[in-house]
Amino acid sequence: MDHTATRDPAARTGTGNVEHEDVASRLLRSSEMMSFDPTREVDWETPLDTAHHGASPEWCTLYGTAYWSELTPEQQRELTRQESASVASTGIWFEMILQQMVLRDFYAKDPTDPAFQWALTEIADECRHSIMFARGVAKLGARPYRPKRHVVELGRAFKALAGGEAAYAAILVAEEVLDVMQRDWMRDERVAPFVRTINNIHVVEESRHMAFARDEVRERMAGTGTLRRQINSIVIAAAAYFIVTSMVSEDVYAAAGLDRARAVREARANEHHKSMMRSSCAGLMEFLGSAGLLTPPARAIYRRAHLL
C-alpha cells in the first residue's frame, strides 16, 4: 500500500491534519525499513551468565548507598537482574494499557488514514515487545513483578477513561523514562548481552512511538481551553507518578536475598537514584512545559515522583 499517496483531508473521518498524516506516513516508512523480530534477534538459547548485570549498576535503586557498598559483587549483579526484570514486568503492564487506549482512540476511524495504519503498527510493536520482555524476565531467572493492587486498579480505570492528550502524554512519560535508562543499558558491556539486545530493539522501535505521541499531544493541545489544560496536566502527572514509582517493585530486594526493610528504607532516601530519574526526564519536562502541561499542581506531583 502507498502510505504517501495524496488524499483529500476533508474526506477523512480521522484527524484531517495533513502535517499529522505526514508524520504518520514517515513513521510507517521507518517501521518498514527498521523493525526487529525478537524471536530471531535475541539470543534466547545461551544460558544466563551470572557474571553479568541485568542493568547498568548506576541505575540500581541502591547504588551509592551504604547497603550497596556492603553487597558482594554477586549480590549486586543479582539485584540489578531482579530490578531489570521488574522494569520489564512494569513495561508489559503499561504496554497493555497503551494498546487498549490506542485501539479505543482509533475505533471506527478512516482505515486509509496513515495515522490509523500507524496506530495498528504501534500496537503490533507493543505486542512483540511485551512477549520479548516476558521471555527476558524468565531468562533473568526472575518471577514476574506486578504493581501494587491499587495501582493495577487505577490503571484499569485510566485505560478505560483517558483520552486525547492525557492518554498520549501518559504514553510519552512511560516511554521517555524507559528510553533514557535503556540507552545506557544497551551500551554497557557489564550488562548481559541478551538484555542489551532487548534494550536496543526497544529503543529503536519506541523512538517512533514517542515521535507519534508527541505529535498527538501537540495537535490535541492546539486551542485547548484553560480548564481542560489544568485538569489534564494533573491527570498526566498522576499517571506519571504511578508508572515511575511502580517500575522497581519492593519485592526485588527479598528476591535478591537482601533485608527488604533496610533496602526499601535506603532506596527511598537514595539521592543518587533520584538524580538519575530527574536527568532521565529533562527532555520530557521541557516538552510538557512547551505544551502547557507543566502547571504548578502538576509540578508538585512530578517533584514527589523525583522527576523534576
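Because the structure is predicted, anything quoted here is derived from the model rather than measured. (Residues numbered from 1 in each chain as written. Predicted model: local features only at pLDDT ≥ 70, side-chain atom pairs only at ≥ 80, totals over all residues. Heavy atoms only, no water.)

Let's talk about helix α13 (residues 282–290)
Stage number 1. For α13, the complete set of buried residues consists of L284, M285, F287 and L288. Taken end-on, α13 shows its buried residues confined to a sector of 160 degrees, consistent with a single buried face. Looking at α13, the residues exposed on the side facing more than 90 degrees away from the buried face are E286 and S290.
Stage number 2. In this structure, the buried residues of α13 make contact with α7 (164–187), α8 (193–221) and α14 (296–304).
Stage number 3. After α13 finishes, the residue G292 shows a positive phi value of roughly 80 degrees. (Buried < 20%, exposed > 50% of the residue type's maximum accessible area, 1.4 Å probe, protein only. Helix = DSSP H or I, 4+ residues; strand = E, 2+ residues; numbered from the N terminus. Arc of directions from axis to C-beta. Contact = heavy atoms within 4.5 Å.)

A look at the packing of aromatic side chains
In this description, an aromatic ring pair is defined by two values, namely the gap between the centres and the angle between the planes.
Stage number 1. Summed over all chains, the structure comprises 7 aromatic pairs.
Stage number 2. With a centroid separation of 6.3 Å and an interplanar angle of 80 degrees, the aromatic rings of Y168 and F212 are classed as edge-to-face. With a gap of 44 residues between them, Y168 in helix α7 and F212 in helix α8 connect regions that are remote in the sequence.
Stage number 3. Given a relative accessible area of 3%, Y168 falls into the buried group.
Stage number 4. By the ring-pair criterion, three or more aromatic residues cluster together here, those being W118, Y168 and F212.
Stage number 5. Taking the ring centre of F287 as reference, the NZ or CZ of R214 above it sits at 4.7 Å. (Phe/Tyr/Trp six-rings, centres within 6.5 Å; stacked < 30°, edge-to-face > 60°. Lys NZ or Arg CZ within 6 Å of the ring centre and 35° of its normal.)

Some points on a nonpolar patch on the surface
Stage number 1. Taken together, the side chains of L227, I231 and V235 make up a nonpolar region of the molecular surface, amounting to roughly 270 Å² of accessible area.
Stage number 2. Position of I231 relative to the elements: it lies in helix α9 (residues 226–245).
Stage number 3. With relative accessibility at 45%, the residue I231 sits in the partly exposed group. (Patch = residues over 30% accessible without salt bridge, like charges linked within 9 Å, V, L, I, M, F, W, Y side chains within 5 Å. Areas by Shrake-Rupley, 256 points an atom, 1.4 Å probe, with all protein chains shown as cover. Salt bridge = Lys/Arg side-chain N within 4 Å of Asp/Glu carboxyl O.)

Description of the packing of α7 against α9
Stage number 1. Packing of α7 against α9 brings their axes to within 9 Å, and their N-to-C directions diverge by 35 degrees. Helix-helix and strand crossings are classified by hand; for α7 and α9 the assignment is right-handed. Only R228, N232, V235, I236, A239, A240, I243 and V244 of α9 make contact with α7, whose side of the interface consists of E165, A166, A169, A170, V173, A174 and V177.
Stage number 2. Grouping the amino acids of the contact of α7 with α9 by side-chain chemistry returns 12 nonpolar, 1 polar and 2 charged. (Axes fitted to C-alpha atoms, helices over the stretch in contact; angles between N-to-C directions. Left-handed = near helix turned anticlockwise from the far one by under 90°. Nonpolar A, V, L, I, M, F, W, Y, C, P; charged D, E, K, R; others polar.)

Quick look at helix α12 (residues 271–280)
Stage number 1. All of the buried residues along α12 are H273, K274, M276, M277 and S280. The buried side chains of α12 occupy one side of the element, clustering within an arc of 160 degrees when seen end-on.
Stage number 2. Turning to α12, the residues buried within the fold contact α7, α9, α11 (260–268) and α13.
Stage number 3. Looking at where α12 begins, the residue whose side-chain oxygen comes 3.0 Å from the main-chain nitrogen of H272 is N270. (Polar contact = N/O pair within 3.5 Å; in protein donor to acceptor, adjacent residues only side chain to side chain.)

A few points about the confidence of the model for the protein
Stage number 1. Per-residue pLDDT for the protein has a mean of 92; in total, 94% of the residues score no lower than 70.
Stage number 2. Here residues 1–15 is a poorly scored stretch, pLDDT under 50, and it has 28 contacts once near neighbours within four places are set aside; other chains count. (pLDDT = per-residue confidence, 0-100.)

Observations concerning the state of the cysteines
Stage number 1. Enumeration over the complete set of coordinates arrives at 0 disulfides.
Stage number 2. Summary of cysteine pairing: C60 is not part of a disulfide, and the nearest cysteine sulfur, belonging to C281, is at 18 Å. (Disulfide = S-S within 2.5 Å.)

With respect to the pattern of salt bridges
Stage number 1. Enumeration over the complete set of coordinates arrives at 22 salt bridges.
Stage number 2. Overlapping salt bridges, with partners in common, bring together R143, E250, D251, R260 and R268 in one network.

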